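Per-entry structural report
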Amino acid sequence: MLDFKKEDIATILVRYNVAMEKTMTPDEAAEQLYPKDPLLKAVAVAIYEGEEDDVIDALDALLDSGKAPLKLIDEALLPGMAVVSALYDQGIIFLPNVMMSADAMLEGIDYCKSKTKEVPEAKGTVVCHVAEGDVHDIGKNIVAALLRADGFDVVDLGRDVPVDEVVAAVAEAKPVMVTGTALMTTTMYAFKEVNDKMIEKGLKIPFACGGGAVNQEFVESYSLGVYGEEAAEAAKFANFILKNGADIGKLREEFHTH
């Protein structure tokens, strides 16, 4: 029988936000994070609620006030998505909520782009794919959506992508990171081939891998591998690389936990 002390239980409750859930609903937690400006808050609320039409209406109000379309991506849409990301990181909301919010935010980004001839500058490029032989692309789709929502250009190669096609796309796009997902144990070994061929071509780019078939021990067996347990970690990896460089050791030290 497990012997938990009272202080141990209290720590566990805080870690998994049960204590917070008892005193604060997700809506109340979000309210504390919204921007103070009413017009910016309206965008953040619409993103949090995953209401695409409301995002557009809120953006129209800001455009009518004289705001430049592309500036709204950084000043309104990204901060709104940051509220959602913070709540997800704290365990207050869950991945389906994040996906709805990401879709609403991406709709907002497309709308802002449609209102100007300027081209927004992306943070960087990420190449995403599903391992050769694997047709299960839900995880990859989530990764790609969340990366786009965080301001990255995504080269989405799709599912069942041949190893050589992945390497060729990396050589052409020069991304900050590559992602791969695999749900079948019979397909995850393609990641090792991608890794080795990138090394051969001098493409020493972090290779973030995840999916139901993959674990940290396997990903650490090849030199460029960084293990992502959840889809939402992809954007964290990419932002860490932008800030700290493409050092695989630092990435593993920061994000590998098992």
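The rules we used
- Residues numbered from 1 in each chain as written.
- Predicted model: local features only at pLDDT ≥ 70, side-chain atom pairs only at ≥ 80, totals over all residues.
- Heavy atoms only, no water.
- Helix = DSSP H or I, 4+ residues; strand = E, 2+ residues; numbered from the N terminus.
- Rg over C-alpha atoms; globule rule 2.2 N^0.38 Å.
- Buried < 20%, exposed > 50% of the residue type's maximum accessible area, 1.4 Å probe, protein only.
- Contact = heavy atoms within 4.5 Å.
- Lys, Arg positive; Asp, Glu negative; His and termini not counted.
- Charge placed at Lys NZ, Arg CZ, Asp CG, Glu CD.
- UniProt positions renumbered as here; feature names shortened; annotations may be inferred.
- Pairing = 2+ DSSP bridges.
- Axes fitted to C-alpha atoms, helices over the stretch in contact; angles between N-to-C directions.
- Arc of directions from axis to C-beta.
- Patch = residues over 30% accessible without salt bridge, like charges linked within 9 Å, V, L, I, M, F, W, Y side chains within 5 Å.
- Areas by Shrake-Rupley, 256 points an atom, 1.4 Å probe, with all protein chains shown as cover.
- Salt bridge = Lys/Arg side-chain N within 4 Å of Asp/Glu carboxyl O.
- Phe/Tyr/Trp six-rings, centres within 6.5 Å; stacked < 30°, edge-to-face > 60°.
- Disulfide = S-S within 2.5 Å.

Looking only at helices and strands, the chain features 13 helices and five strands. Taking 2.2 N^0.38 as the reference for a compact globule, 258 residues should give roughly 18 Å; the C-alpha atoms of the chain span a radius of gyration of 20 Å, in line with that estimate. Projected onto its principal axes, the C-alpha positions of the chain cover 65 × 55 × 35 Å. Residue burial in the chain is summarised as follows: out of 258 residues, 46% are buried. A separation threshold of at least 6 residues defines the contact pool for the chain, and within that pool the share at least 24 residues apart is 71%. In the chain, 24 positive and 45 negative side-chain charges are present, and the distance between their average locations comes to 5 Å.

UniProt records the feature "domain: B12-binding" (unreviewed entry) at residues 123-248, using the numbering of this structure. Across residues 123-248, the secondary structure splits into 40% helix and 17% strand, with the terminal C-alpha atoms separated by 20 Å.

Across the sheet, which stays open at both edges, the five strands sit in the order E2-E1-E3-E4-E5 with parallel pairing between neighbours. The open sheet has two free edges, formed respectively by strand E2 (153-156) and strand E5 (225-227), since each of these has just one partner strand. Across the sheet, the mean angle separating the axes of adjacent strands is 25° when strand polarity is ignored. In terms of strand pairing, strand E1 (residues 125-130) meets strand E3 (residues 177-181) through five bridges, oriented parallel. Paired with Cys 128 across the bridge in E3 is Thr 179. In the packing of helix H10 (residues 190-200) onto the sheet, contacts are made with E1, E3, strand E4 (207-210) and E5, and the angle to E4 comes to roughly 180°.

Attention now goes to helix H9 (residues 163-173). Every buried residue of H9 is accounted for by Val 163, Val 166, Val 167, Ala 169 and Val 170. For H9, the angular spread of buried residues about the axis comes to 160°, placing them on one side. On its buried side, H9 packs onto E1, E3 and H10. Count one or two residues on from H9 and you reach Lys 174, which has phi positive near 50°.

A word on a negative patch on the surface. Taken together, the side chains of Asp 27, Glu 28, Glu 49, Glu 51, Glu 52, Asp 53, Asp 54, Asp 57, Asp 103, Glu 107 and Asp 110 define an acidic patch exposed on the protein surface. For the negative patch, the elements supplying multiple residues, two or more each, are helix H3 (26-33), helix H5 (52-64) and helix H7 (95-114). No other element matches H5, which puts four residues into the negative patch. Tracing the chain through its elements places Glu 52 in helix H5. Residue Glu 52 is classed as partly exposed on the basis of its relative accessible area of 32%.

The next subject is the packing of aromatic side chains. For the structure on display, the rule yields seven aromatic pairs. Look at Tyr 34 and Tyr 48: their rings are 6.3 Å apart centre to centre, the planes differ by 75°, and that puts the pair in the edge-to-face class. Separated by 14 residues along the polypeptide, Tyr 34 in the loop between H3 and helix H4 (38-49) and Tyr 48 in helix H4 bring together distant segments of the chain. Tyr 48 shares its class with Tyr 34; the two are buried.

This paragraph deals with unusual backbone geometry. Of note, the phi angle at Asp 160 is positive, near 50°, even though the residue is not glycine. Among the structural elements, Asp 160 can be located in the loop between E2 and H9. Owing to a relative accessible area of 37%, Asp 160 belongs among the partly exposed residues under this scheme.

Take the state of the cysteines next. Per the counting criterion, the structure on display carries zero disulfides. Of the cysteine sulfurs around Cys 209, a residue in no disulfide, the closest is that of Cys 128, at 11 Å.

Here we take up the pattern of salt bridges. On inspection of all chains with the given rule, the structure shows seven salt bridges. The salt bridge partner of Lys 41 is Glu 31, with a shortest N-O separation of 2.5 Å. Note that Lys 41 is positioned in helix H4 and Glu 31 in helix H3, a separation of 10 residues in sequence. A salt bridge links Lys 236 to Asp 89; its shortest N-O distance comes to 2.9 Å.

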